[in-house]
Amino acid sequence: MPESNIQTIMSVGIDIGTTTTQLVISRLTIENTASGTFVPHVEITDKEVIHRSEIYITPLSDRDLIDAVAVSKIVETEYLVAGLTPENIDTGAVIITGETAKKENAKAIIDALAGYAGDFVVATAGANLEGIYAGKGSGAAAFSVQRHQVVVNIDVGGGTSNYAMFHEGKAVETTCLNVGGHLIEFEPQGDRITYISEPAKIALQSAGQRLQVGERITLPQLRPVVKAMAACIVEVLKTTKQSELTRALLMTPTLRLEHTIRKVMISGGVADYVYAPQGPVTMMEVTEFGDFGPLLGWELKLCLETAGFVLEKPNETVRATVIGTGTQSVNLSGSTIHLQEKTLPLRNVMVISPFSSTIPDTVQGIGKAIKNEMLRLQANQSEGSVALALKGPRTMTFVNINLLAQGVLLGMEEYLSQNKPLVLVIEADCGKVLGQCINANANRPLEMVCIDQLEVEDCDYIDIGKPLMGGRVVPVVLKTLVFNR
Amino acid sequence: MAVANNELEKVIIQSVLEELAKKGLLPSKGKDHVMSSASQDTPLYSNTSSEEMVTFPPLDEMQISKPFNADAVKAMKKSTPARIGIGRAGARPKTMSWLRFLADHAVAQDAVFLDVSDEFLKQNNLMTVQSAVTSKDEFLTRPDLGRRLSEEAVKTITEKCEKNVQVQILVVDGLSSTAIEANIPDLLPALMQGLKSAGIKVGAPFFVKYGRVWVQDPIANLVKADVIVSLIGERPGLGTAESLSAYMIYQPNEKTVEADRTVVSNIHKGGIPPAEAGAHLSDVVQQILTAKASGVKFNQQK
Amino acid sequence: MILKAKVYSKIFAFKSLKEVMAKANEEKSGDELVGIAATSASERVAAKLVLSNLTLEDIYNNPVIPYEEDEVTRAIYDGLNLRIYQEIKSWTVGHLREYILEHKTSGDDLAHISRGLTSEMIAAVAKLMSTMDLVYGSKKMRIHSHCNTTLGVPGTLAFRCQPNHPTDNVEGILAAMKEGLSYGSGDAVIGINPVEDNVETVTRLLEMVKNFMTKWEIPTQNCVLAHVTTQMKAIEKGAPVDLVFQSIAGTQKANDAFGVNAAILDEAFDLIQRKGTATGPNLMYFETGQGSEVSLDAHLGVDMMTLESRTYGYARKYHPFMTNNVSGFIGPETIYSGREVLRADLEDLFMGKLHGLPMGIAPCYTNHMKMDQNDQEMGTLLCAMAGSNFFMGVAGGDDVMLSYQDTSFHDDASTREILGLRPLPEFEKWLEKMGILENGLLTERAGDPSIFDK
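Worth saying up front: this structure is predicted, and the values here are computed from it rather than measured. Every residue gets a number counted from 1 within its own chain, in the order that chain's sequence is written. Chains carry letters and ligands carry numbers; both start at the beginning, A for chains and 1 for ligands, and go up in the order they are written. Predicted model: local features are reported for residues with pLDDT of at least 70 only, side-chain atom pairs are reported and counted for 80 or more only, and whole-chain, interface and lining totals are derived from all residues.

Participant: Just to check I follow, could you spell out the overall build of chain A for this structure?
Facilitator: Helix and strand definitions here come from DSSP, where helices need a minimum of 4 consecutive H or I residues and strands a minimum of 2 consecutive E residues; each element is numbered from the N-terminal end. Helix and strand counts for chain A stand at 15 helices and 20 strands. Counting contacts in chain A only where the partners sit at least 6 residues apart, residues at least 24 apart contribute 72% of the total. Note that contacts rest on C-beta atoms placed from the backbone: two residues are in contact if these are within 7 Å.

Participant: Help me out: how do you make sense of the interface of chain B and chain C in this one?
Facilitator: Much of the literature gives interface size as the accessible area that the parts lose upon coming together. Contacts between the two partners involve 33 residues from chain B and, on the opposite side, 39 residues from chain C. Here the residues of the side of chain B that touches chain C sort into 16 nonpolar, ten polar and seven charged. Classes in brief: Ala, Val, Leu, Ile, Met, Phe, Trp, Tyr, Cys and Pro nonpolar; Asp, Glu, Lys and Arg charged; the others, Gly included, polar.

Participant: Help me understand the environment of C:L110 in this model?
Facilitator: Residue and element names in this part refer to chain C. Residue position: L110 is located in helix α8 (residues 107-114). Remark: C-beta atoms are placed from the backbone, and a residue is labelled buried if 20 or more other C-beta atoms sit within 10 Å of its own, exposed if 12 or fewer do, or partly exposed between those counts. Classification of L110 as partly exposed rests on a count of 18 C-beta atoms within 10 Å. With 62 residues separating them along the chain, L110 and K48 place their C-alpha atoms 22 Å apart. Discounting residues that sit within four places of it in the chain, L110 has contacts with I100, T105, K140, M141 and L354.

Participant: Looking at this model, I keep getting lost on the packing of helix α12 (residues 363-376) of chain A against helix α13 (residues 398-411) of chain A. Mind explaining?
Facilitator: When two helices pack together, you describe them by how their axes are tilted relative to each other and by the distance separating the axes. Residues and elements named next belong to chain A. All axes here are fitted lines through C-alpha atoms, helices being fitted over the stretch that makes contact, and every angle between N-to-C directions spans 0 to 180 degrees. Remark: α12 packs on α13, axes separated minimally by 7 Å, with the N-to-C direction vectors making an angle of 40°. It follows that α12 is oblique to α13 by the angle criterion. Of the two possible hands of crossing, α12 and α13 adopt the one that is right-handed. Side by side, α12 and α13 meet where V363, I366, G367, A369, I370 and K371 of the first sit next to L403, L404, Q406, G407, V408, L410 and G411 of the second. A per-class count over the contact of α12 with α13 returns eight nonpolar, four polar and one charged. Between 65 and 115 degrees an angle is taken as roughly perpendicular, under 35 as roughly parallel, over 145 as roughly antiparallel, and anywhere else as oblique. The handedness criterion is simple: a crossing whose near helix is rotated anticlockwise from the far helix by less than a right angle is left-handed, and one whose near helix is rotated clockwise is right-handed.

Participant: What should I look at first to understand the domain arrangement of chain A in this one?
Facilitator: All names here are of chain A. Domain segmentation is taken from an automatic or database assignment of domains. The domain architecture assigned to chain A consists of domain 1 (6-125 + 324-328), domain 2 (140-314) and domain 3 (335-451). Every contact between the two is made by six residues of domain 1 and, on the other side, seven residues of domain 2. For the side of domain 1 that touches domain 2, the class distribution of residues is no nonpolar, five polar and one charged.

Participant: So what exactly am I meant to see when it comes to the sheet that holds strand β9 (residues 284-288) of chain C here?
Facilitator: Neighbouring strands of a sheet are bound in pairs by backbone hydrogen bonds; such pairs are parallel or else antiparallel. Residues and elements named next belong to chain C. Being paired, for any two strands, means DSSP has found at least two bridges between them. Taken in spatial order, the four strands of this open sheet run β8-β9-β10-β11, and their pairing is parallel. With one partner strand each, in any of the chains shown, β8 (244-247) and β11 (359-360) form the two edges of the open sheet. Bridging between β8 and β9 involves four bridges; their strand directions are parallel. By the bridge assignment, Q246 is partnered in β9 with F286.

Participant: Would you explain the pairing of strand β3 (residues 206-209) of chain B in this entry?
Facilitator: The side chains of a regular strand alternate between both faces of the sheet. All names here are of chain B. Here β3 shows a buried face lined by F206 and V208 and a second buried face lined by F207 and K209. The pairing of strand β1 (residues 127-130) with β3 spans four bridges and is classified as parallel. By the bridge assignment, M127 is partnered in β3 with F206. In this structure, strand β2 (residues 167-172) lies alongside β3, joined through three bridges in parallel fashion. What sits directly across from L170, in β3, is F206. Crossover β2 to β3 through helix α8 (residues 177-197) is right-handed. A right-handed crossover is one whose linking path, passing over the helix from the first strand to the second, runs clockwise when the strands point away from the viewer.

Participant: What is the right way to look at the arrangement of the chains in this model?
Facilitator: Taken together, the two pairs of chains in contact show their highest number of contacts between chains B and C. Across the gap from chain A to chain C, with no contact made, the nearest C-alpha atoms are 19 Å apart.

Participant: For this particular structure, what's the right way to read the interface of chain A and chain B?
Facilitator: Opposite the 19 residues of chain A that make contact, chain B presents 23 residues. Of all elements in the fold, only α13 and α15 (431-441) of chain A reach the threshold of two or more residues within the side of chain A that touches chain B. Take the side of chain A that touches chain B: its biggest share by element is six residues, from α15(A). Grouping the amino acids of the side of chain A that touches chain B by side-chain chemistry returns nine nonpolar, six polar and four charged.

Participant: Honestly, unusual backbone geometry in this entry has me stumped. Any pointers?
Facilitator: It is generally the case that most residues other than glycine have a negative phi and that most peptide bonds are trans. Of the consecutive residues C:G280 and C:P281, the connecting peptide bond is found in the cis state with omega at 10°. Its place among the elements puts C:P281 in the loop between α15 (262-275) and β9. For A:Q189, which is not a glycine, the phi torsion comes out positive at approximately 60°. Secondary-structure assignment places A:Q189 in the loop between β10 (184-186) and β11 (193-196). A positive phi angle, close to 60°, is found at A:N419, a residue other than glycine. Relative to the assigned elements, A:N419 resides in the loop between α14 (413-417) and β17 (422-426).

Now the structure itself:
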């Protein structure tokens, strides 16, 4: 079989947020960068955004329920504009975030998008992952690698602010604060309040402001409230001992602040006003989009600078999350792939990590640890496949790798008797030999995929797509499902 | 705490002597210190039961004083084995950098100049034959002899080795005995397992002492194997004396040139880990058997 | 004191500081002859590693030859400035190396700590230094001395004119002397090795040189390198002597074999001060060399380099005008090849300077060792770059009396030109007056000994 060294795949990112929905289509170039008979090393060498959709207001059938059918129509429209059909799309992800990230919504969207999502698109959500994708899409992650500086990216959207702290390209801390530009709605370009969300009510109370829906408000009245919210956003960067308001607005545990923050990037809808030369001066300017986003952006900028943080301009503002979702969700890996054509793609493979510290040194020990974890998660009963995630063998000797193989076969005995495929995800560079050992030790040919040099911390599920590059690699998407939050 | 006691004693003695000296009560001989007990071979305050020893500090230690961006230095050092971020004393390297360089050189020299131990060969069940070379010095200066077999080797191979196999594996010391001892125990079983699983007929591997790459050609002719795999020690760099290469060739003859050999190099724990390399090589050998070609011809077919 | 080190997977344990010092040495055939050299590259590195971790105090407490047993040890310890030693005694040898090399350490700083360093400490740090380290460190240290000319002025390089003759023939010696002077050689000293070590010969030669110097008004000093006791007798008899010379070594036993000891040297120093003909205050000239103790079987199990350092420790109390090594002179049993000579020369230059001695080098060789003229020239250039105060000058590079090869008058002049260096200031004026040198370059007349015979 002729093996090409370069291939391109189409990836789509769909971001369904509290206020807006958008999608981005990217062309990813993947190459085998090892030469000749070196062990193949496939990586993504280029990412080109080829289509940015319009930014739509998230269609809602009710205050909190997304109109899934309307969303699928948006996707259909944008594909048409881009000149693509679902069959053209190889991979990608849908991210459902903010206040709309509720169980009912996710299920509805997944169902509605099933046909439009192409052969391989998965639903993923979760505040932490959203912050990470935003930081990757905005360029914060890359900045932290190139400049060796710790960067925090805050994606300030309609309902929430999602933080991700990057150190040498890795997201080391995340959190989410319930502050966004859309928490109070207005008549567009007017000064009359049309909606006050719950978190906004808390902020108003804290600022000593009493406001009702229908009231008119002046800029001097609004500013202190928005300032207070901006201060909360900044306080999360400064300290772990926070004000009552900040603590009330936090949706996840706050940042541990274990690294000194060198730079701050702001992405999301509000970001354009953070980097503007001057802030809004009239209510009309503030409520241009029917919310107070422009004022929040400006006050945030002032607050960050006063607190001594250095702002860095991101590559992407509004589209950071969706671009991150579309381009950064794909990992490529694969060392030993013994699967039949029809087995892939595998979706929602549950990841189990039976070894918290060092691997036991006997076959029985390894088998037992795996069996216990499978039992604990009731994995044997589940319908889907299970992926065994581990750092690697005890040491990289052949003896220990073989021992690990035998232990895995023992531990997965019951699972394998159901003729389910064996999926292994290892951090160490030994996928091929481990796969070979498993085959040699098994008493019958197994369906197996053994992926190495991939870290799967804090991840609940993975999706494995159809092989690429002449069968050398498979795309793997790591995900946490919204249900588990 | 023997050391501490000695230190304390030393301080006390010294201060007493200083006092005596001040008062002019010491003879000029023992003037300022306890010199007289310094006998020829025993140091004055030796640690009698010392398990302390001097070692090199870890490689990731920060050696630049007052770095502009310590994180950047650390990341850069991690990204390459090159000796960067090592600081300076004036325009010269720091003492530890220099001594580490010397140690790496010593290790490389030892790798070249020492032989694979008999014990290792026994543990790994490897029969030994020797090339036409008779000493390590001759090996280094006479590559032509390293490419030929000794008369005794020809006899041994003819008598003892299985003929007409598909694959024959050779373990060759080449320019680094250390590489062989470090990698073969994990590489060889992985390679053998892969070939066996694929149902390939493999002759028992053996060791060629003072061998060069091309010694695989005369051996192929004696054993009549389709593919010969030589696992051979690479010339050591400083500090990496463990790198091994695999040279594979399909049915060599007198017209064989260098371009006919397929090479996988940099096999060691810091490169391609040996066990993983074994599995990979098993794949490559199978591909060569299928293609009935190796080297450039093999690449062209892919 | 930790005497054990781990190099990769090998552990080396040493029994004493003396053993560590020997094994930390670069390859020298003399150490191998005595049986104290490192047996592998890894052992050598382990010894250096141990040494780098020892403190100066550890070394102070463990002289390689006990104080009571050896006059050289006594000279070293009795002359030490203890106050300065106390300031630095907690430094490790590894730290001392870095201190020497750091930009903020000047020649003055090194001259200061020199007072508190014993010879073993100086040898120890040199054992941790590479070729460039030694050149780099040496270059910082400028040591001045004055006899009739000033040695060690920055930007200058001086030469001994060495016009030896196989039968001490005065006319022959004079001819070679003129040759050397016509090349600009002779500002350090006009120094003759006599075949016959007796007062008459010595006096005759001293007077001949002195008369020539007076007649031509040459600013330099005379010296005949006989045994110091012979020179002393000549001085008593009224011979004109600017510099008094002696060969010295690093153990009392070796010096005894040379027929010299502290008492004799003290006497010589006293005599030259009272009855010498030079201005001074520096009036002594010493020659040394790695391996002399080995050849005299007077090494006491100590390595050659440490003993050479001790020789400098012995010499410094006499504040000599000049000191040079002659490290390739003995033979291949002590120093085998050009490579070993070069290393020894750089070590000696560095160690001598760190002792505060106005150090010169003779990167020379005999015919029964593996070295040639190219090696010698490399050694000369490196040592000149490192700031050697002077070299020898021998007609055509061939000493016809001592049967060895040393730097020629040509080498001397070339080295000055290559590095942009001048003769000593007093001597340069004379060379210009004589029309031999102009703006630091040899003139048309240079290299013609007959200019003295118009």
